[in-house]
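Each chain, letter by letter, is given below.
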Amino acid sequence: MEIAEHLLNLRGDGELLADVAERVGLDARVPTCPEWAVRDLVRHQGDVHRWAAGNLTRNTSVEMSAEESEAVLFTWPDADDGLIAWFRDGHALLVETLESVPDDVVAFTFIAAPSPRAFWARRQAHETAIHRADAESVAGPITPYDAQFAADGIDELMYGMASRPGRITADPPRTLRVDGADSSRIWQLTIGPDGLTVSDEGGEADCWVSGPTSDLYLLLWNRRTTEGLQVAGDPSLLDHWRDVLKVRWSGATKKSG
(Lines give C-alpha, C1' and ligand atoms only; values in the text may rest on other atoms or scores of the structure.)
Protein backbone atom coordinates (compact mmCIF):
# COMPACT_ATOMS: atom_id res chain seq x y z
CA MET A 1 0.00 0.00 0.00
CA GLU A 2 1.07 3.59 -0.61
CA ILE A 3 1.79 6.11 2.14
CA ALA A 4 -1.29 8.11 1.15
CA GLU A 5 -3.48 5.05 1.72
CA HIS A 6 -1.98 4.43 5.14
CA LEU A 7 -2.53 8.09 6.06
CA LEU A 8 -6.15 7.87 4.96
CA ASN A 9 -6.69 4.92 7.28
CA LEU A 10 -4.72 6.51 10.11
CA ARG A 11 -6.83 9.65 9.91
CA GLY A 12 -10.15 7.82 9.78
CA ASP A 13 -9.45 5.25 12.48
CA GLY A 14 -8.05 7.84 14.88
CA GLU A 15 -11.13 9.99 14.49
CA LEU A 16 -13.39 6.97 14.96
CA LEU A 17 -11.50 5.86 18.08
CA ALA A 18 -12.02 9.30 19.64
CA ASP A 19 -15.70 9.38 18.67
CA VAL A 20 -16.32 5.93 20.16
CA ALA A 21 -14.44 6.81 23.36
CA GLU A 22 -16.64 9.88 23.81
CA ARG A 23 -19.76 7.82 23.28
CA VAL A 24 -19.02 4.85 25.56
CA GLY A 25 -17.27 6.79 28.34
CA LEU A 26 -13.78 6.60 29.80
CA ASP A 27 -14.72 4.25 32.66
CA ALA A 28 -15.99 1.48 30.37
CA ARG A 29 -13.93 -1.72 30.36
CA VAL A 30 -12.34 -2.86 27.08
CA PRO A 31 -13.25 -6.50 26.34
CA THR A 32 -10.33 -7.04 23.96
CA CYS A 33 -7.85 -5.64 26.52
CA PRO A 34 -9.42 -6.72 29.84
CA GLU A 35 -6.86 -4.95 31.98
CA TRP A 36 -7.80 -1.57 30.48
CA ALA A 37 -10.62 0.90 30.74
CA VAL A 38 -11.26 3.19 27.75
CA ARG A 39 -9.28 5.87 29.61
CA ASP A 40 -6.16 3.66 29.49
CA LEU A 41 -6.69 2.92 25.80
CA VAL A 42 -6.95 6.63 24.94
CA ARG A 43 -3.88 7.46 27.01
CA HIS A 44 -1.88 4.67 25.40
CA GLN A 45 -2.76 5.55 21.83
CA GLY A 46 -2.26 9.26 22.45
CA ASP A 47 1.17 8.47 23.85
CA VAL A 48 2.12 6.33 20.85
CA HIS A 49 1.00 9.01 18.39
CA ARG A 50 3.19 11.61 20.08
CA TRP A 51 6.13 9.21 20.32
CA ALA A 52 5.84 8.41 16.60
CA ALA A 53 5.64 12.09 15.64
CA GLY A 54 8.65 12.79 17.85
CA ASN A 55 10.69 10.11 16.11
CA LEU A 56 9.96 11.70 12.74
CA THR A 57 11.34 15.12 13.71
CA ARG A 58 14.64 14.17 15.41
CA ASN A 59 16.76 13.81 12.23
CA THR A 60 18.48 10.68 13.50
CA SER A 61 18.05 6.93 13.08
CA VAL A 62 19.20 6.31 16.64
CA GLU A 63 16.52 5.15 19.09
CA MET A 64 15.26 7.73 21.59
CA SER A 65 16.98 7.83 24.95
CA ALA A 66 14.90 7.43 28.09
CA GLU A 67 15.11 11.18 28.62
CA GLU A 68 13.87 11.94 25.10
CA SER A 69 11.01 9.49 25.48
CA GLU A 70 9.96 11.06 28.77
CA ALA A 71 9.69 14.42 27.04
CA VAL A 72 6.93 13.21 24.69
CA LEU A 73 5.20 10.57 26.85
CA PHE A 74 2.71 10.76 29.72
CA THR A 75 1.50 14.27 28.87
CA TRP A 76 -2.22 13.58 29.17
CA PRO A 77 -4.30 15.85 31.43
CA ASP A 78 -5.14 14.62 34.91
CA ALA A 79 -8.78 15.59 34.44
CA ASP A 80 -10.86 13.26 32.28
CA ASP A 81 -12.74 16.10 30.66
CA GLY A 82 -9.65 17.11 28.68
CA LEU A 83 -8.48 13.63 27.69
CA ILE A 84 -10.30 13.19 24.37
CA ALA A 85 -9.20 16.64 23.18
CA TRP A 86 -5.62 15.73 24.17
CA PHE A 87 -5.91 12.55 22.11
CA ARG A 88 -7.31 14.40 19.10
CA ASP A 89 -4.47 16.93 19.25
CA GLY A 90 -1.82 14.20 19.25
CA HIS A 91 -3.52 12.30 16.45
CA ALA A 92 -3.72 15.45 14.32
CA LEU A 93 -0.06 16.23 15.06
CA LEU A 94 1.01 12.78 13.85
CA VAL A 95 -1.03 13.00 10.64
CA GLU A 96 0.30 16.50 9.94
CA THR A 97 3.88 15.38 10.63
CA LEU A 98 3.60 12.39 8.28
CA GLU A 99 2.09 14.61 5.59
CA SER A 100 4.83 17.24 5.88
CA VAL A 101 8.09 15.33 6.36
CA PRO A 102 10.04 14.53 3.17
CA ASP A 103 10.22 11.04 1.76
CA ASP A 104 13.93 10.90 2.66
CA VAL A 105 13.42 11.92 6.29
CA VAL A 106 15.95 10.33 8.67
CA ALA A 107 14.21 8.61 11.59
CA PHE A 108 14.42 5.61 13.89
CA THR A 109 12.56 2.49 12.70
CA PHE A 110 12.32 -1.07 13.98
CA ILE A 111 10.93 -3.00 10.97
CA ALA A 112 12.33 -3.03 7.44
CA ALA A 113 10.52 -0.54 5.18
CA PRO A 114 11.11 1.42 1.96
CA SER A 115 11.70 4.55 4.02
CA PRO A 116 11.24 5.80 7.61
CA ARG A 117 8.22 7.83 6.46
CA ALA A 118 6.67 4.72 4.91
CA PHE A 119 7.42 2.73 8.06
CA TRP A 120 5.78 5.18 10.44
CA ALA A 121 2.74 5.73 8.20
CA ARG A 122 2.15 1.98 8.01
CA ARG A 123 2.94 1.20 11.65
CA GLN A 124 0.71 3.94 12.99
CA ALA A 125 -2.12 3.13 10.59
CA HIS A 126 -2.23 -0.43 11.91
CA GLU A 127 -1.55 0.51 15.53
CA THR A 128 -4.49 2.90 15.41
CA ALA A 129 -6.71 0.50 13.47
CA ILE A 130 -6.33 -2.26 16.04
CA HIS A 131 -6.92 0.09 18.96
CA ARG A 132 -9.96 1.51 17.17
CA ALA A 133 -11.27 -2.06 17.24
CA ASP A 134 -10.56 -2.18 20.97
CA ALA A 135 -12.68 0.92 21.49
CA GLU A 136 -15.51 -0.41 19.35
CA SER A 137 -15.50 -3.74 21.21
CA VAL A 138 -16.90 -1.93 24.26
CA ALA A 139 -20.31 -1.28 22.78
CA GLY A 140 -20.94 -3.45 19.76
CA PRO A 141 -19.64 -4.85 16.48
CA ILE A 142 -16.25 -3.84 15.10
CA THR A 143 -16.37 -1.96 11.80
CA PRO A 144 -14.77 -4.24 9.16
CA TYR A 145 -11.53 -3.20 7.48
CA ASP A 146 -10.99 -2.99 3.75
CA ALA A 147 -9.59 -6.36 2.61
CA GLN A 148 -6.44 -4.81 1.10
CA PHE A 149 -5.70 -2.87 4.27
CA ALA A 150 -6.30 -5.93 6.43
CA ALA A 151 -3.98 -8.02 4.24
CA ASP A 152 -1.31 -5.32 4.55
CA GLY A 153 -1.71 -5.46 8.31
CA ILE A 154 -1.29 -9.22 8.35
CA ASP A 155 1.83 -8.81 6.21
CA GLU A 156 3.26 -6.30 8.68
CA LEU A 157 2.49 -8.57 11.60
CA MET A 158 3.86 -11.73 9.99
CA TYR A 159 6.91 -10.41 8.17
CA GLY A 160 7.77 -7.75 10.74
CA MET A 161 6.48 -8.03 14.30
CA ALA A 162 5.99 -11.79 14.68
CA SER A 163 9.02 -12.96 12.70
CA ARG A 164 11.55 -11.36 15.02
CA PRO A 165 13.86 -14.10 16.37
CA GLY A 166 12.30 -15.98 19.26
CA ARG A 167 9.04 -14.00 19.28
CA ILE A 168 6.97 -17.17 18.78
CA THR A 169 8.48 -20.67 18.82
CA ALA A 170 7.48 -24.33 18.74
CA ASP A 171 9.48 -27.54 19.05
CA PRO A 172 8.79 -29.66 17.08
CA PRO A 173 7.87 -27.20 14.30
CA ARG A 174 4.20 -26.63 13.49
CA THR A 175 2.52 -25.06 10.49
CA LEU A 176 -0.46 -22.71 10.29
CA ARG A 177 -2.10 -21.75 7.01
CA VAL A 178 -4.18 -18.56 6.84
CA ASP A 179 -6.38 -17.95 3.76
CA GLY A 180 -7.95 -14.56 3.09
CA ALA A 181 -11.16 -15.44 1.25
CA ASP A 182 -11.75 -11.95 -0.16
CA SER A 183 -8.14 -10.91 -0.79
CA SER A 184 -6.79 -14.00 -2.59
CA ARG A 185 -3.93 -14.02 -0.09
CA ILE A 186 -2.31 -16.97 1.68
CA TRP A 187 0.07 -16.88 4.62
CA GLN A 188 1.84 -20.19 5.28
CA LEU A 189 3.42 -19.94 8.72
CA THR A 190 6.04 -22.33 10.04
CA ILE A 191 6.70 -21.95 13.75
CA GLY A 192 9.93 -23.63 14.77
CA PRO A 193 12.45 -23.62 17.65
CA ASP A 194 14.07 -20.42 16.39
CA GLY A 195 10.94 -18.50 15.48
CA LEU A 196 8.53 -17.90 12.61
CA THR A 197 9.07 -18.17 8.88
CA VAL A 198 6.43 -17.00 6.41
CA SER A 199 5.60 -17.95 2.83
CA ASP A 200 2.85 -16.84 0.49
CA GLU A 201 2.66 -20.30 -1.08
CA GLY A 202 0.11 -22.53 0.61
CA GLY A 203 0.64 -26.15 1.48
CA GLU A 204 -0.24 -28.80 4.01
CA ALA A 205 -0.58 -27.46 7.54
CA ASP A 206 -1.26 -28.63 11.07
CA CYS A 207 -4.00 -26.03 11.27
CA TRP A 208 -5.84 -24.07 8.57
CA VAL A 209 -8.06 -21.03 9.06
CA SER A 210 -10.00 -19.19 6.37
CA GLY A 211 -12.42 -16.27 6.24
CA PRO A 212 -12.76 -12.58 5.43
CA THR A 213 -9.36 -10.90 5.62
CA SER A 214 -10.67 -8.29 8.07
CA ASP A 215 -11.65 -11.06 10.49
CA LEU A 216 -8.29 -12.80 10.07
CA TYR A 217 -6.50 -9.52 10.79
CA LEU A 218 -8.40 -9.24 14.08
CA LEU A 219 -7.88 -12.92 14.87
CA LEU A 220 -4.12 -12.80 14.40
CA TRP A 221 -3.90 -9.65 16.53
CA ASN A 222 -5.89 -11.52 19.21
CA ARG A 223 -8.92 -9.24 18.90
CA ARG A 224 -11.52 -11.90 18.06
CA THR A 225 -12.19 -15.62 18.34
CA THR A 226 -12.52 -18.12 15.50
CA GLU A 227 -16.32 -17.94 15.66
CA GLY A 228 -17.68 -17.74 12.11
CA LEU A 229 -14.35 -18.66 10.51
CA GLN A 230 -13.46 -21.97 8.86
CA VAL A 231 -10.94 -23.89 10.94
CA ALA A 232 -9.52 -27.32 10.13
CA GLY A 233 -6.82 -29.44 11.72
CA ASP A 234 -5.45 -28.89 15.21
CA PRO A 235 -7.00 -25.73 16.75
CA SER A 236 -4.55 -25.84 19.65
CA LEU A 237 -2.05 -24.15 17.34
CA LEU A 238 -4.27 -21.06 17.33
CA ASP A 239 -4.41 -21.24 21.12
CA HIS A 240 -0.62 -21.32 21.15
CA TRP A 241 -0.54 -18.26 18.89
CA ARG A 242 -2.87 -16.34 21.20
CA ASP A 243 -0.97 -17.37 24.31
CA VAL A 244 2.51 -16.54 23.04
CA LEU A 245 2.24 -13.69 20.55
CA LYS A 246 1.58 -10.59 22.62
CA VAL A 247 2.96 -7.15 21.74
CA ARG A 248 3.14 -4.85 24.74
CA TRP A 249 3.93 -1.17 25.31
CA SER A 250 5.58 -1.02 28.72
CA GLY A 251 4.51 1.66 31.19
CA ALA A 252 2.19 3.47 28.82
CA THR A 253 -0.68 3.98 31.24
CA LYS A 254 1.01 5.84 34.06
CA LYS A 255 3.11 8.94 34.45
CA SER A 256 6.64 8.74 35.75
CA GLY A 257 7.59 10.25 39.07
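Residues numbered from 1 in each chain as written. Predicted model: local features only at pLDDT ≥ 70, side-chain atom pairs only at ≥ 80, totals over all residues. Heavy atoms only, no water.

## Thoughts on the overall build of the chain
Along the chain, the regular secondary structure elements total eight helices and five strands. When the elements of the chain are put in sequence order from the N terminus, they spell out α-α-α-α-α-α-β-β-β-β-α-β-α. Expected size for 257 residues packed as a compact globule is a radius of gyration near 18 Å; at 18 Å, the chain falls within 12% of this value. Reported as C-alpha extents along the three principal axes, the dimensions of the chain are approximately 50 × 40 × 35 Å. Of all 257 residues assigned to the chain, the portion counted as buried reaches 50%. Taking the intrachain contacts of the chain between residues at least 6 apart in sequence as the baseline, contacts between residues at least 24 apart amount to 68%. When the accessible area of the chain is evaluated, it comes to approximately 11,700 Å², of which 49% is carbon and sulfur surface. Between the averaged position of the 24 positive side-chain charges in the chain and that of its 42 negative side-chain charges there is a distance of 4 Å. (Helix = DSSP H or I, 4+ residues; strand = E, 2+ residues; numbered from the N terminus. Rg over C-alpha atoms; globule rule 2.2 N^0.38 Å. Buried < 20%, exposed > 50% of the residue type's maximum accessible area, 1.4 Å probe, protein only. Contact = heavy atoms within 4.5 Å. Areas by Shrake-Rupley, 256 points an atom, 1.4 Å probe, with all protein chains shown as cover. Lys, Arg positive; Asp, Glu negative; His and termini not counted. Charge placed at Lys NZ, Arg CZ, Asp CG, Glu CD.)

## A short note on the packing of helix α5 (residues 116-136) against helix α6 (residues 147-161)
Direction vectors running N to C along α5 and α6 enclose 110°, while the axes themselves pass 11 Å from each other. On the basis of the axis angle, α5 is roughly perpendicular to α6. Here Arg-122, Arg-123, Ala-125, His-126 and Ala-129 of α5 lie close against α6, whose contacting residues are Phe-149, Asp-152, Gly-153, Asp-155, Glu-156 and Met-161. Here the contact of α5 with α6 is built from residues that sort into four nonpolar, two polar and five charged. (Axes fitted to C-alpha atoms, helices over the stretch in contact; angles between N-to-C directions. Parallel < 35°, antiparallel > 145°, perpendicular 65-115°, else oblique. Nonpolar A, V, L, I, M, F, W, Y, C, P; charged D, E, K, R; others polar.)

## Digging into the nonpolar core
Side chains of a nonpolar character, in soluble globular proteins, are inclined to be buried together. Counting residues in each nonpolar core, the largest one holds 74 residues, and the members touching the most others are Val-42, Trp-120, Leu-157, Met-158, Tyr-217 and Trp-241. With nine residues, α5 is the largest single contributor of residues to this core. With residues near it in sequence (within four places) discarded, Met-158 still touches Ser-163, Trp-187, Leu-189, Leu-196, Val-198, Leu-220 and Trp-241. (Core = buried A, V, L, I, M, F, W, Y, C linked by side-chain atoms within 4.5 Å.)

## Quick word on the sheet that holds strand β1 (residues 174-180)
With respect to topology, five strands assemble into an open sheet ordered β3-β2-β1-β4-β5, the strand pairing being mixed. Single-partner strands in this sheet number two, and they are β3 (195-199) and β5 (230-233). Pairwise comparison of adjacent strand axes, ignoring direction, gives a mean angle of 15° for this sheet. Looking at chain direction, strand β2 (residues 185-192) and β3 are connected through five bridges and run antiparallel. What sits directly across from Leu-189, in β3, is Val-198. Across the sheet, α6 touches β2 and β3, and the angle it forms with β2 is around 20°. The sheet strands contacting helix α8 (residues 236-244) are β1, β2, β3, β4 (207-211) and β5, and the helix crosses β1 at an angle near 90°. (Pairing = 2+ DSSP bridges.)

## Considerations on the packing of aromatic side chains
Using the criterion set out here, one finds ten aromatic pairs in the structure. Their ring planes at 80° and their centres at 5.3 Å tell us that Trp-51 and Trp-120 sit as a pair that is edge-to-face. Taken as a pair, Trp-51 in helix α2 (residues 38-56) and Trp-120 in helix α5 lie far apart in primary sequence, 69 residues in all. The residues Trp-51 and Trp-120 share a single accessibility class, namely buried. Considering the side-chain rings of Phe-110 and Trp-120, the 6.1 Å spacing of their centres and the 85° angle between planes classify their relative orientation as edge-to-face. Here Phe-110 is found in the loop between α4 (83-100) and α5, whereas its partner Trp-120 is found in helix α5, with ten residues between them in sequence. Among the aromatic residues, ring-to-ring pairing joins Trp-51, Phe-108, Phe-110, Phe-119 and Trp-120 into one connected group. (Phe/Tyr/Trp six-rings, centres within 6.5 Å; stacked < 30°, edge-to-face > 60°.)

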